Each structure stands twice: as C-alpha cells, then as structure tokens.
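# Structural description and commentary
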Amino acid sequence: MNRGEFSFKRYRKYIIPLLLLAAVTEGAAIVCGATFEKLEDGLTKGIVFFRFMSPPDWPAFSEMLQPAFQSIMIAFLGTVFGTLLSIVFAMLASSNLAPGWVRNTARFLIGLERSIPEIVILLLLIAAFGLGPMPGIIALALGCIGMLGKLLADTIEELDPVMMDAMESVGANKMQIIVFGVLPQIMPNLISYSLFRLEINIRLSVILGAVGAGGIGYELDYSFNMLQYHRAFTALLVIIAMVFGTERLSYMLRKNIKMEGALK
C-alpha cells in the first residue's frame, strides 16, 4: 500500500461529507440568489454609503444618551421579569420537583416560546399595548423563558437528590425544599445565566426599538428614514459603545461569580 492510497482511505470519511456540504451550499446560494457579483457590488455600494455617513454628527451625541439609557432600562426590566418567570417555569419543568404531566407541559411551553422570535411577540403586543417601551419589556421578558427556563430546569435536574430526600425526611414541604435547598444551589448559575441573557437583551432592545419599542433603536431607524446619515452614524457609535460596555461588565461579573464558586 503506497502512501497516497493510505492517505485517501484515512481521509475518505471526511471527503464525502465535505462534498455534500459544498453541494448543499451551492444549491442554497442558487435558491437565495447569492452570488459573488452581488457581494462585490454590495461592498462597493456599502463603502460609498459609509462615506455619506462620515463624519458623525457629534452635536447630536448628547441627544442619544437618553434613548440609549432607555434601551438599557428596557433590557434590564425585561431580564428581571423574565428571570422571575423563568424560575417558575424551571421549577415546573424539573422532573425532581414536578409530576410528569406538569413537567412535560412546562417543557412544551418553553420549547414553544423558543420557536417564536421576540420581534414577532413585540408585533403582537404592540397591537394590544401600542407603541412604546411597555411591549418591548414584555417581549424581552417572555423571550427569557425559552432560554433561561430550559437552562435552569436542566440545572435543577442535575442537583444531588440526597439533599432533597434529607430535607423531605425531616418534614420539609415542597416550598421549603425549593427556598432553602434548590435556590441556594442554583443561585450562581442563575446569576450567570441572567447576566448573559442581559447581554442578549441589550442587543435585542435596539432591534425592538427600531420596530416600535423606543430607545436608541428608534433613533437609528428615524435617522435613516429622514436621510440624516451623519446623525445615524452617531446613533450607531452609541449603540456599539453601549453593547460593548455592557458585555464587558457582564463578562467581569460572571468571571467573579465563577471564581467565587471555584473557591467554595
């Protein structure tokens, strides 16, 4: 057996999947009409458009601070209320805390929420509440359930059952087991997951704001619609600073939580 034949047999299991992936990618590109010519044309137009936006409208910077703060508060409130809702759903979706039919129903609702994007939820809520931060907060809170509810439910199911059995053997009821046994153990994960979800909600608040929830996303969308490209560039810079700052803060807090958990 020569070296070339040996190499072909060794990597044959990778060649066929790669060829299939290439074929599927080519088919998808044809269906979507994605071509390198369109990519090149779009990049060229993007560079020209960026020149229209430069330089930023620096005097408008102070006007962007209040909408940016509003977007952060929308994300914060949505995360807080969403975390509380997620804790409830996580308890109901845990096999070691809830009966089978309750767990299956809760898991189904959590999965159903994950299948509905936050922007669709917002559009439905706007019909009920009108434009403004309120539907954005509710949309983000409901959006937390699909992610945090599943993560927390899985965390609860991985807890040591000996602790729960010991508490139950000395007469603790279900609520006491949850408050004094379950919540203290999942608290580090709960805080870490919530901070990570806050990062996501900060970005989502910008998107939802452009649709009608207010905040800095509305300012960006309004500036583009009014052809105020220099002002839009300023809003974009504020969004980048806002998202980057909250992500770094969240990362440091989550890192400290992990270090404290490791020390314990």
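Sequence order sets the numbering: in each chain, residues are counted from 1 along the sequence as written. Local features are withheld for residues below a pLDDT of 70 in this predicted model, meaning they are given only at 70 or higher, and side-chain atom pairs are given and counted only at 80 or more; totals for whole chains, interfaces and linings count all residues. In computing side-chain values, all of the structure's heavy atoms are included and hydrogens and water are not.

### A short note on the pattern of salt bridges
Applicable threshold: Any Lys or Arg side-chain nitrogen found within 4 Å of a carboxyl oxygen on Asp or Glu counts as a salt bridge. Labels follow the DSSP assignment, with helices taken as runs of H or I lasting at least four residues and strands as runs of E lasting at least two, numbered in each case from the N terminus. In this scheme, a residue with accessible area under 20% of its type's maximum is buried, one over 50% is exposed, and one in between is partly exposed, where area comes from a 1.4 Å probe on protein chains only.
This model, assessed by the stated rule, comprises nine salt bridges. With a shortest N-O distance of 3.1 Å, Asp154 and Arg107 are connected by a salt bridge. Here Asp154 is found in helix α6 (residues 133-157), whereas its partner Arg107 is found in helix α4 (residues 100-114), with 47 residues between them in sequence. Between Glu247 and Arg203 there is a salt bridge whose closest N-O contact spans 2.2 Å. With Glu247 in helix α10 (residues 229-263) and Arg203 in helix α8 (residues 174-213), the pair connects residues that are 44 residues apart, well separated along the chain. A relative accessible area of 26% means that Glu247 is categorised as partly exposed. A cluster of three or more residues bridged by salt bridges with shared partners is formed by Arg103, Arg107, Lys150, Asp154 and Glu157.

### A look at the environment of Leu142
Threshold: Residue contacts follow a heavy-atom distance rule, with two residues in contact if any of their heavy atoms lie within 4.5 Å.
Relative to the elements of secondary structure, Leu142 occurs in helix α6. Residue classification places Leu142 among the partly exposed positions, given a relative accessible area of 30%. Separated by 20 residues in the primary sequence, Leu142 and Leu122 have C-alpha atoms spaced 10.0 Å apart. Leu142 has contacts with Leu85, Glu113 and Ile121, leaving out every residue within four places of it along the chain.

### Let's talk about the side chain of Ser205
To keep it simple, the criterion reads: Here a polar contact is recorded for every N or O atom pair within 3.5 Å, except that within protein the pair must consist of a potential hydrogen donor and a potential acceptor, and residues adjacent in sequence are included only if both atoms are side-chain atoms.
Here Ser205 is to be found in helix α8. On the accessibility criterion, Ser205 (1% relative accessible area) is buried. Engagement of the side chain of Ser205 in a polar contact is seen with the backbone oxygen of Ser71, the distance being 3.5 Å.

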